[in-house]
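Report on the structure
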Amino acid sequence: MKDPAGALDYSVGQKIVHWLMAILITLDLFVAQKFGNPLELADRLESRADHGSLGTIVAVLFVIRLYLRWRHGAPPLPGTMSPWQTTAARWGHGALYFLIGFLIFSGVATAVNATAPIPLFGSFDITLGQVDDTTFIFLRQFHEFATQAVIALVAIHVLAALYHWLIAGDDTTQKMLKFWSSRA
Ligand code: HEM
């Protein structure tokens with residue numbers, strides 16, 4: 001294991017997992033968009049299975065990401081950042097990890113309490129066989145809240161990346177954009 005405090009850049013693996021998660025979470029949001037509206041039951045059940053399967057891939061990537069973060073650490077923030085910006089960046093990144101974990105956890109907790117089967121990848125039903133929807137509906141509120149919170153933080157994250165790139169002119173954003181190489 002490298003000394004996480006001494007990393008100069010993210011590893012290529014960290015960068016690839018970052019972008020794969022960004023793409024898959026966005027795709028999963030598109031699938032989930034329809035859940036808030038009235039839907040034919042067959043469509044809802046099929047979409048739940050698609051949504052849960054994509055979400056499970058995100059969950060696996062999240063575990064890999066945590067492992068890579070532990071193994072490689074993260075490069076230092078630019079020395080030109082003020083103390084409040086450094087503190088905001090640390091808390092913001094920590095909150096993103098926490099909320100994405102909570103998003104996945106609340107999604108799985110909601111899914112296992114559904115009253116109709118949710119076959120992940122077309123085969124593996126993850127439900128516990130509940131017969132009424134009370135717990136499902138209760139837990140879904142937390143999943144919905146986690147989604148709104150992640151969207152808000154991702155919006156701030158993107159604005160901060162644009163600031164580093166276009167205004168501050170440091171290499172923070174380019175490090176993640178050049179996902180095929182690493183100086184770590
Ligand atoms: C990858 C990140 C995820 C995102 C961005 C996401 C987003 C959403 C959103 C926006 C909804 C609709 C909430 C509402 O309007 O009530 C939803 C519902 C749901 N999600 Fe997720 N979710 C994710 C992961 C997961 C995972 C990992 C699972 C389970 C394996 C899951 C299972 C469900 C279920 C069962 C519902 C309720 C469907 C329904 O109302 O019929 N989600 N999700």
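Please read these numbers as outputs of a predicted model, since none were measured by experiment.

1. Quick notes on the overall build of the protein chain
Broken down by element type, the protein chain carries five helices and two strands. The C-alpha extent of the protein chain, read off along each of the three principal axes, is 55 × 30 × 20 Å. Taking the contacts inside the protein chain whose residues are at least 6 apart along the sequence as the reference set, 73% of them involve residues at least 24 apart.

2. Here's the deal with unusual backbone geometry
Phi is positive for Phe-121, close to 50°, though the residue is something other than glycine. Among the secondary structure elements, Phe-121 is positioned in the loop between strand 1 (119–120) and strand 2 (124–125). By the C-beta count within 10 Å, which is 11 here, Phe-121 ends up exposed.

3. A few points about the site of the ligand
Near the ligand lie 25 residues; those nearest to it are Ala-32, Gly-52, Gly-55, Gly-107 and Ala-111. Counting residues per element, the ones that place at least two in the shell around the ligand are helix 1 (12–32), helix 2 (41–72), helix 3 (83–112) and helix 4 (134–168). When residues of the shell around the ligand are assigned to their parent elements, the largest contribution, eight residues, is made by helix 2. Classifying every residue of the shell around the ligand gives eleven nonpolar, nine polar and five charged.

4. Structural notes on helix 4
An ideal rise of 1.5 Å per residue puts 51 Å on 35 residues; helix 4 measures up with 50 Å between its terminal C-alpha atoms. Buried within helix 4 we find His-143, Ala-146 and His-164. Lining the buried residues of helix 4 we find helix 3 and helix 5 (172–177). Where helix 4 terminates, the next one or two residues include Gly-169, which has phi positive at roughly 70°.

5. Observations concerning the packing of helix 3 against helix 4
Helix 4 packs onto helix 3 with a crossing angle of 155° between their chain directions and a minimal axis gap of 8 Å. If you check the angle between helix 3 and helix 4, you find them roughly antiparallel. Here the hand of the crossing between helix 3 and helix 4 comes out left-handed. Along the contact surface, helix 3 presents Gly-92, Ala-95, Leu-96, Leu-99, Ile-100, Phe-102, Leu-103, Ser-106, Gly-107, Ala-109 and Thr-110, while helix 4 presents Phe-136, Leu-139, Arg-140, Phe-142, His-143, Ala-146, Thr-147, Ala-149, Val-150, Leu-153, Ile-156 and His-157. When grouped by side-chain class, the residues that make up the contact of helix 3 with helix 4 number 15 nonpolar, seven polar and one charged.

6. Details of the nonpolar core
One finds Ile-25, Val-58, Leu-99, Ile-100, Leu-103, Ile-104 and Ala-146 forming the largest nonpolar core, which totals seven residues. Looking at which element gives the most residues to this core, the answer is helix 3, with four residues. If near-sequence neighbours (up to four positions away) are discounted, Ala-146 is found in contact with Leu-99, Phe-102, Leu-103 and Ser-106.

7. A few points about the packing of helix 1 against helix 2
Packing of helix 1 against helix 2 leaves a shortest axis separation of 9 Å and a crossing angle of 160°. Taken together, helix 1 and helix 2 sit at an angle that is classed as roughly antiparallel. The handedness of the crossing between helix 1 and helix 2 comes out as left-handed. Among the residues forming the contact of helix 1 with helix 2, the class breakdown is 15 nonpolar, six polar and three charged.

8. Observations regarding the environment of Gln-141
Within the secondary structure layout, Gln-141 lies in helix 4. For the pair Gln-141 and Thr-110, spaced 31 residues apart in sequence, the C-alpha to C-alpha distance is 9.0 Å.

9. Points about the environment of Phe-98
Within the secondary structure layout, Phe-98 lies in helix 3. Taking the C-alpha atoms as reference points, Phe-98 and Ala-146, 48 residues apart in sequence, are found 10.0 Å from one another.

Rules and cut-offs
- Here, residues in each chain are numbered from 1, in the same order as that chain's written sequence.
- Two thresholds apply to this predicted model, a pLDDT of at least 70 for residue-level local features and 80 or more for giving and counting side-chain atom pairs, whereas whole-chain, interface and lining totals are computed over all residues.
- Going along the chain from the N terminus, every DSSP run of H or I of four or more residues is numbered as a helix, and every run of E of two or more is numbered as a strand.
- It is the C-beta atoms, placed from the backbone, that decide contacts: two residues are in contact if theirs lie within 7 Å.
- Exposed residues have 12 or fewer other C-beta atoms within 10 Å of their own C-beta, buried residues have 20 or more, and partly exposed residues fall in between, where C-beta atoms are placed from the backbone.
- Near residues are defined by distance alone, with the backbone-placed C-beta atom required to lie within 6 Å of the molecule or strand.
- Each residue is assigned to one of three groups, with Ala, Val, Leu, Ile, Met, Phe, Trp, Tyr, Cys and Pro labelled nonpolar, Asp, Glu, Lys and Arg labelled charged, and all others, Gly among them, labelled polar.
- Take the number of residues in a helix, subtract one, and multiply by 1.5 Å to get its expected span.
- Where helices are involved, their axes are fitted lines through C-alpha atoms of the stretch in contact, as for all axes, and angles between N-to-C directions lie from 0 to 180°.
- Should an angle lie under 35 degrees it is considered roughly parallel, over 145 roughly antiparallel, and from 65 to 115 roughly perpendicular; all remaining angles are considered oblique.
- Crossings are sorted by hand: turned counterclockwise from the far helix by less than a right angle, the near helix makes the crossing left-handed, and turned clockwise it makes it right-handed.
- In this usage, the nonpolar core is the set of buried Ala, Val, Leu, Ile, Met, Phe, Trp, Tyr and Cys residues whose C-beta atoms join them within 7 Å.

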